[in-house]
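# Structural features, examined
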Amino acid sequence: MSGTMRNPLLEVTDLVTEFATRKGILRAVDKVSFAIEAGEIVGLVGESGSGKSVTGFSILGLIDPPGRIAGGSVRLGGRELVGLPPAQLRAIRGKAISMVFQDPSATLNPVLTIGTQMHLAIAAHEKTSEAAARARAAEVLARVGIPDARSRLDAHPHQFSGGMRQRVAIAIALLNRPSLIICDEPTTALDVSIQAQILAEMKALARDLGTAMIWISHDLATVSSLARRILVMYAGRIIEQGPVADVLRHPRHPYTAGLIASLPANAEPGRELRQIPGATPSLFDLPPGCAFAPRCAFSSAACAQAPALHHAGPRGWRCHHPRGMEEAR
Amino acid sequence: MTPLVLAQNVSKRFAPRLGLGERIAAKLGSPVETRTVHAVDNVSLAIAKGEVLGLVGESGCGKSTLGRVIAGIHPPSAGQVTIGGESVMREGRKSTTRIQTVFQDPFASLDPRIRIGEAIAEGPLAHGLMRKADARAEVARWLDAVGLPAEAAERFPHQFSGGQRQRVAIARALAMQPDILVCDEPVASLDVSIQAQIVNLFLKLRRELGLTMLFISHDLGIVRHISDRIAIMYLGRIVETGETEAVFAAPRHPYTRALLDSVPKLVTDSEELVSFKAIAGELPSPLSPPPGCHFHLRCPHAQAVCREIVPASDSQGGMHPVACHFPLIS
Amino acid sequence: MSTPREATPFAVFREEFCRNRVAVIALGVVAIIGVIALLAPWITPQNPYDLSKLSLADARRPPGFVGSGGYVHWLGTDAQGRDLFSAILYGLRISIQIGVMAGAIAFTLGATLGAFAAYAGGRVEALIMRVIDLQLSFPAILLALVLAAVLGQGKWPLIAALVTAQYAYFARTAHGAASAERSKEYVEAALSTPLSPRRVVFRHILPNCLPPLIVVATVQIASAIALEATLSFLGLGLPVSEPSLGMLIANGFQYMLSGRYWISIYPGIALIFLIVAINLVGDQIRDQLNPRLRR
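Predicted, not measured: the structure shown is a model, and the values here were computed from it.

What counts and what doesn't
Residues numbered from 1 in each chain as written. Chains lettered and ligands numbered in written order. Predicted model: local features only at pLDDT ≥ 70, side-chain atom pairs only at ≥ 80, totals over all residues. Heavy atoms only, no water. Phe/Tyr/Trp six-rings, centres within 6.5 Å; stacked < 30°, edge-to-face > 60°. Helix = DSSP H or I, 4+ residues; strand = E, 2+ residues; numbered from the N terminus. Buried < 20%, exposed > 50% of the residue type's maximum accessible area, 1.4 Å probe, protein only. Pairing = 2+ DSSP bridges. Contact = heavy atoms within 4.5 Å. Axes fitted to C-alpha atoms, helices over the stretch in contact; angles between N-to-C directions. Arc of directions from axis to C-beta. Salt bridge = Lys/Arg side-chain N within 4 Å of Asp/Glu carboxyl O. pLDDT = per-residue confidence, 0-100. 1 Å grid on protein atoms, 1.4 Å probe; cavity = no way out; pocket = protein on both sides within 12 Å on 5 of 7 lines; lining within 4 Å. Points joined across faces, edges and corners; volume = space filled by probe spheres on them. Nonpolar A, V, L, I, M, F, W, Y, C, P; charged D, E, K, R; others polar.

### Considering the packing of aromatic side chains
All names here are of chain A. Under the counting rule described, the total for this entry stands at 12 aromatic pairs over all chains. Ring geometry for Tyr255 against Phe292: centres 5.3 Å apart, planes inclined by 65°, an arrangement best described as edge-to-face. One end of the pair, Tyr255, is in helix α10 (residues 254–261); the other, Phe292, is in the loop between α10 and β11 (310–312), and 37 residues separate them in sequence. On the accessibility criterion, Phe292 (3% relative accessible area) is buried.

See the structure below:
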């Protein structure tokens, strides 16, 4: 895929992230490759343990022992980030790439005012006067939909509601005009009505500021309404990728197809949902070959070999028995 | 049809538990929170035998509290809950086994130190619903009903995945042979591919056992799929109830309308223009709910009367009941 | 099941414990002291409590002296002519006995009270916990001193004094842990069944409060032994005829300056070994059970 992209903003190639545990080495991210263009929104979808969040952390170099990036490369604008000394990584984090987490209290310091925290976030990367920093902070807060932004700068995090706190976290991520924001399930803990507000604002922000975004989520519907491209992860690997609407309409991988089919919206009320059997495998004893094979209705002897990445235009999948190939022809 | 479960004018208030020092500080004018939370405010609900009632609302709307009051876990501050005419609580303690609960988080709702088999048999044995000699076979029967092997009885909760634990929690509730199951967000903490399995299990159990259910969830898609009737809650009050399809097809309360519009839909057409019709504003604090209709601050149709008078539930013209001064006409 | 056959929690605990060599050695020391104290009547050359066997001719002899009994006093003798090696072993036996018994009673009493307070809530909880707070504001040694003086000498009065001084720590810990457990969904599930309050407290809440209580128990047993030694040292413990370690130290104290160091020093070393070893084991258990220190 990266071949078709002339000048990718972020290029991840064969990224491997491992954790040393008592039970042995756990490979959370297994040879993940993808690229993102400037200003593009990409959805990274998977269930818990699929490696989607670890992929996000690996890009930022936020893997602490006993975890480590065991291989591959992460290039931002052509510059290699894997193996960069911590000081240089810190200069990139919050400046060129920033991150928004599911729980905003993970980023907000409860004892400092929002204004102070935003000033610190700016001061970490450039020299500005306090007045200039406040002005910029107020501007960004207003941008993410916080009413009366200037006076709210003197409030502490606990004085905001959950949805407002997440907006503040997004504002801090935007402060230094990053070229890429990694959002790890930022609306999962929020109510649907607040989620809808934030999704609408994120979409407008990405369009207006030209910021690229990796939107990590387990929810196909939010990703489909926000992202242009989708990456589906299962057991540490990207098993399908392509333009969102195309993938959701004609999923190639049986796992993607199963996820879409199991949505209540795709079944008659009261009738059984089309379920995927079994449970997500433990990363400690993955089946050899295709990790989805034991749950797959179409698996065959061939699936004992790990499927290679198949390309077709903007689409890609790792499956020996891709779905819906007839109509594509 | 006479309702099986009846909640009449149920309220649940939580007064902050103040220590002596805090009480003195409050008297002296310190900003100590002394206001009472009206988690559930004068709610009446009826569930017919064999029916699945979906209870929908956003976090903090009081749906879980209402579920716990109906299940007899919390005593109501006012009003009462009856099942088949008998009160669920007596002298502040639950006095019936006919109503059982399945909780959201199967990692928290099973005692980590107790084997699965014992967890399932404990309640029925304590209430004489099962004989000790039959316990093994009974446990195996309920495990089978939820799709787990009989060997599971010998294991501890930590040896199971989330979906399997939720199956155990369901088996534990069913072993009490309840007439009604209160399910509080039973799939919210499960993976997407597992959610469908548990929803299917509920559908199967309902078919086979004729279960009555109160299904509490914030996920409108799942509630729509599983419920015969739904009730929408906002800030401690039920704003609309009706047949599921009727409510989804023609919501009468502006909040219901806005909630339905907020749910992201699966977009499979790249040309489709996605717009989010978000409700303006935030959920007001349940510590100081606005007077009159609780929704009037966020409602596009609010008039002067909405700020003063609490709308009564009204089922004008044979339509489903709604608590709104200016119900939507579609 | 999806999860492969996992090691039992206890096996994991044991494996982690074994990784700390100091703790393993300490546990070994505790075990050895425990065994020789238990076997004292069979391995000591003399019964130090049998006054008829003691000879004043053997009093205050240095280590290595061969007494009238015809055997070597490896650690010397005390002012009554007791073989110190025998006396220390018997003393350890009494010290451990009293420490463990006081600890066990305080544990049961305190844990039940604390868990019950957390379960009951409201006024009952406030009353119980305020009484315990009040008691915790007095130093344990002061409380034990007063009680030992009031109740008189003997094993049971001593245990009663130690329990009174120590149960509050268990109650405090149990209350904290039980309050946290009380709000968990499995307790709500038990209330929904419904199970009787007694069953909820004893079958569900208390077993889940055990880890912090076990940590407190190891520390409190060590401190009960130290407290007992202190009381005996001050003459408020056991009768002179059955000296525990504290009394042996006290008896030798007056001879320290006259060069007869062994009467006090050897029982003191035994006491230090025991208490340090128990504390080291307790430290490791605490580190392992503390979720904040875990990876």
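Continuing now.
### Description of α10(A)
The α-helix advances 3.6 residues per turn, and as a result positions three or four apart in sequence lie on the same side. Most of α10(A) sits inside the fold, with 7 of its 8 residues counted as buried. Of the residues making up α10(A), those classed as buried are A:Pro254, A:Tyr255, A:Thr256, A:Gly258, A:Leu259, A:Ile260 and A:Ala261.

### Details of the sheet that holds strand β5 (residues 86–87) of chain B
Residue and element names in this part refer to chain B. Spatial ordering of the open sheet is given by β2-β1-β4-β5, a layout of 4 strands whose pairing is antiparallel. For this open sheet the edge positions go to β2 (37–48) and β5, each flanked by a neighbour on one side alone. Both strand β1 (residues 3–14) and strand β4 (residues 78–83) contribute to a ladder of 5 bridges, which runs antiparallel. Opposite Gln8, over in β4, you have Gln80 as the bridge partner. With respect to the sheet, helix α2 (residues 63–70) is in contact with β1, β2 and β4, its orientation differing from that of β1 by roughly 120°.

### Comments concerning the environment of A:Gly78
Relative to the assigned elements, A:Gly78 resides in the loop between β4 (67–76) and β5 (79–80). Between the C-alpha atoms of A:Gly78 and A:Leu10, which are 68 residues apart in sequence, the distance is 7.8 Å.

### Brief notes about the pairing of β4(A)
Residue and element names in this part refer to chain A. Inspection of the sheet shows strand β1 (residues 10–21) paired to β4 by 8 bridges, in the antiparallel sense. Paired with Thr17 across the bridge in β4 is Ile69. In terms of strand pairing, β4 meets β5 through 2 bridges, oriented antiparallel. Bridge pairing in β5 links Leu76 to Arg79.

### Examining helix α3 (residues 114–123) of chain A
Residues and elements named next belong to chain A. All of the buried residues in α3 are Ile114, Gly115, Gln117, Met118, Ala121 and Ile122. All buried residues of α3 fall inside an arc of 165° around its axis, so they share one side. Structurally, α3 contributes buried residues whose contacts are with α4 (130–143), α5 (149–152) and α6 (162–174).

### Regarding the pattern of salt bridges
Residue and element names in this part refer to chain A. Evaluation of the coordinates by the stated rule reveals 40 salt bridges over all chains. The partner of Glu18 in a salt bridge is Arg27, and the shortest N-O contact between them spans 3.0 Å. According to the relative accessible area criterion, Glu18 is buried, its value standing at 11%. The exposure class assigned to Arg27 is partly exposed, which follows from its relative accessible area of 34%. For Glu126, the salt bridge identified is with Lys95, shortest N-O distance 3.9 Å. In this pair, Glu126 sits in the loop between α3 and α4 while Lys95 sits in the loop between α2 (86–92) and β6 (97–100), placing the two residues 31 residues apart along the sequence. A relative accessible area of 27% means that Glu126 is categorised as partly exposed.

### Side note on the confidence of the model for chain B
Taken over all residues, the pLDDT of chain B has a mean of 88, while the share at 70 or more is 93%. When mean pLDDT is compared element by element in chain B, strand β10 (residues 212–217) of chain B scores highest at 96, while helix α1 (residues 20–27) of chain B scores lowest at 72.

### So, empty space enclosed by the protein
Tallied over the full model, the rule gives 8 cavities of 30 Å³ or more. Along the walls of the largest cavity sit 19 residues, with B:Ala119, B:Glu122, B:Arg172, C:Leu195 and C:His204 positioned nearest its centre. Elements supplying a minimum of two residues to the lining of the largest cavity: α3 (116–126) of chain B together with α8 (185–192) of chain C. With 6 residues, the top contributor of residues to the lining of the largest cavity is α3(B). Its residues assigned to classes, the lining of the largest cavity comprises 12 nonpolar, 4 polar and 3 charged. Approximately 100 Å³ is the volume attributed to the second largest cavity. Lining the second largest cavity are A:Asp30, A:Tyr234, A:Ala235, A:Arg237, A:Ile239, A:Leu286, A:Cys290, A:Ala291, A:Phe292, A:Pro307 and A:Arg318. Its residues assigned to classes, the lining of the second largest cavity shows 8 nonpolar, no polar and 3 charged.

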